[in-house]
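Descriptive structure summary
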Amino acid sequence: MKIYKTAGYEELSRKAANIIVAQITLKPASVLGLATGSTPVGIYAELVRRYEQSDLDFSELTTFNLDEYLGLSKDDPQSYYYFMQQHLFSKVNMPAERIHIPSGKADPADLECQNYEQAIKVVGGIDLQLLGIGNNGHIGFNEPDEFFEKTTHCVDLDEKTIQANARFFSSVDEVPRRAITMGIGSIMQAKKILLVASGKSKQEILEKSLYGPITPAVPASALQLHPDVTVVYCE
Ligand code: F6R
């Protein structure tokens, strides 16, 4: 595991973007796993800047996002689909047909999960998976549990996650209670993983995840078993 501490959020964003740019440069037809939330916002802004100012090319990429709230449509400003359009996809030359985000409106949602997992397999798996980490140690929406969920599945969000994500909604009652997420197994099959964490509030859970016991009670602790993880963090 490579662990880089940066001086602040801007450096974190640049360093993580460098790793993604290196991946795209070395393999233009890469499959990227992407995350939402506040931490990757600066990374996406940096990727957009490099696209506008250099020859960074998204045209051969395929992407799979980690998760989506159940019940929200693509055009809901709180959906992760909307987030990705706003911060990245609408600003670069990413082909729409190779963007994958679970549908929050899928019915039945279980079938959407199976199809999503299958779609990742069909393209040969994820080359580089970007991850944030929740205050409770979640990655994607894999909440603390008694076992590691293997594949893409529906999940009831943890009370901590609902409270943490309420900042994006006008009230806590509006935060969806369920989501679709790639499983720990789906994430662990990515060839490379890039985990980013920003701020003092993440330091304790980051430390627990990287150095504590490997347990589904701290879902990110599974990453200790992955052969190619890079962590970029700042306090
Ligand atoms: C988002 C996701 C989540 C976030 C995590 C951290 O797609 O999968 O696991 O990465 O909740 O969110 P922020 O960056 O907002 O602290």
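Anything mentioned here points back to the structure above.
Residues numbered from 1 in each chain as written. Predicted model: local features only at pLDDT ≥ 70, side-chain atom pairs only at ≥ 80, totals over all residues. Heavy atoms only, no water.

**Examining the packing of aromatic side chains**
To keep things clear, this is the line we draw: In summary, the pairing rule links any two rings of Phe, Tyr or Trp, Trp by its six-membered ring, whose centres are within 6.5 Å, and it sorts them by plane angle into stacked for under 30 degrees, edge-to-face for over 60 and tilted for everything else. Burial status follows relative accessibility: with a 1.4 Å probe on protein chains alone, a residue under 20% of its type maximum counts as buried, one over 50% as exposed, and anything between as partly exposed. The criterion is that NZ of a Lys, or CZ of an Arg, lies within 6 Å of the ring centre and within 35 degrees of the ring normal, and then a charge sits over that ring.
The tally for this structure, following the rule as stated, stands at 7 aromatic pairs. Seen from their ring centres, tyrosine 51 and phenylalanine 58 are 6.0 Å apart, and the 75° between their planes marks the pair as edge-to-face. You can call phenylalanine 58 buried: its relative accessible area is 3%. Aromatic rings pair up to connect Tyr69, Tyr80, Phe141 and Phe169 into one cluster. Over the face of the ring belonging to tyrosine 4 we find lysine 15, whose NZ or CZ atom lies 4.4 Å from the ring centre.

**What about the nonpolar core?**
As a reminder of what qualifies: Note on terminology: a nonpolar core comprises buried Ala, Val, Leu, Ile, Met, Phe, Trp, Tyr and Cys residues joined through side-chain atoms within 4.5 Å. Helix and strand assignments follow DSSP, with helices taken as H or I runs no shorter than four residues and strands as E runs no shorter than two, numbered in order from the N terminus. The contact criterion used throughout is that any non-hydrogen atoms of two residues lie within 4.5 Å.
One finds Ile20, Leu47, Phe58 and Leu88 to be the most contacted residues of the largest nonpolar core, which totals 56 residues. With 6 residues, helix H1 (residues 9–26) is the single largest residue contributor to this core. Not counting the four nearest positions on each side in its chain, leucine 88 is found in contact with Leu34, Tyr44, Leu47, Val48 and Phe58. Leu72, Ile162, Ala166 and Ala179 belong to the second-largest nonpolar core, a separate cluster that totals 11 residues.

**Remarks on the pairing of strand S10 (residues 229–234)**
The condition is simple: Think of it this way: DSSP has to see at least two bridges between two strands before they count as a pair. When the strands point away from the viewer and the connection leading from the first strand across the helix to the second strand turns clockwise, the crossover is called right-handed.
In terms of residue burial, S10 counts as a mostly covered element, since 6 of its 6 residues are buried. Neither face of S10 is open: one carries Val229, Val231 and Tyr233, the other Thr230, Val232 and Cys234, and all of them are buried. Examined bridge by bridge, strand S1 (residues 2–5) and S10 share 4 bridges and lie parallel to one another. Looking at S10, one finds that lysine 5 is bridged to tyrosine 233. Relative to S10, strand S9 (residues 192–198) is paired through 6 bridges, and the arrangement is parallel. Considered in S10, the bridge of valine 196 is made with valine 232. Taken together, S9, helix H7 (residues 203–211) and S10 constitute a β-α-β crossover, and its handedness is right-handed.

**Let's talk about the site of the ligand**
Stated precisely, the cut-off is as follows: Throughout, the term near means that a residue has one or more heavy atoms lying within 4 Å of the molecule or strand in question. Here a polar contact is recorded for every N or O atom pair within 3.5 Å, except that within protein the pair must consist of a potential hydrogen donor and a potential acceptor, and residues adjacent in sequence are included only if both atoms are side-chain atoms. The classification used treats Ala, Val, Leu, Ile, Met, Phe, Trp, Tyr, Cys and Pro as nonpolar, Asp, Glu, Lys and Arg as charged, and all other residues, Gly among them, as polar.
Residues in close proximity to the ligand total 14 residues, the closest being Thr39, Asp67, His138, Gly140 and Lys202. Between the ligand and the protein, one listed contact pairs an oxygen atom with a backbone N or O atom of serine 38 at 2.8 Å. Split into classes, the residues belonging to the shell around the ligand amount to 3 nonpolar, 8 polar and 3 charged.

**Regarding a nonpolar patch on the surface**
Short version of the rule: What goes into a patch is any residue over 30% in relative accessible area without a salt bridge, connected to like charges within 9 Å or, for nonpolar side chains (Val, Leu, Ile, Met, Phe, Trp, Tyr), within 5 Å. Surface accessibility in these figures is a Shrake-Rupley result with a 1.4 Å probe; residues are shielded only by whichever protein chains are displayed. Salt bridge criterion: a side-chain nitrogen from Lys or Arg within 4 Å of a carboxyl oxygen from Asp or Glu.
Taken together, the side chains of Met1, Ile3 and Tyr211 present a nonpolar region at the surface, about 330 Å² in accessible area. Locating isoleucine 3 in the fold gives a position in strand S1. On the basis of relative accessibility, which here comes to 34%, the residue isoleucine 3 falls in the partly exposed class.

**Focus: the sheet that holds strand S8 (residues 178–181)**
Under the convention used in this document: Under this scheme, a helix contributes an axis fitted over its contacting stretch, all axes are lines through C-alpha atoms, and angles between N-to-C directions fall in the 0 to 180 degree range.
A sheet is described by the order of its strands in space; here 3 strands give the open sequence S4-S8-S7, paired in antiparallel fashion. Two strands bound the open sheet, and with one partner strand each, they are strand S4 (67–69) and strand S7 (153–156). Strand-to-strand, the axes of this sheet are offset by a mean angle of 25°, without reference to chain direction. As paired strands, S4 and S8 are joined by 3 bridges and run antiparallel to one another. What sits directly across from aspartate 67, in S8, is threonine 181. Each of S7 and S8 is contacted by helix H4 (residues 109–122), which is oriented at about 130° to S7, the strand it contacts most.

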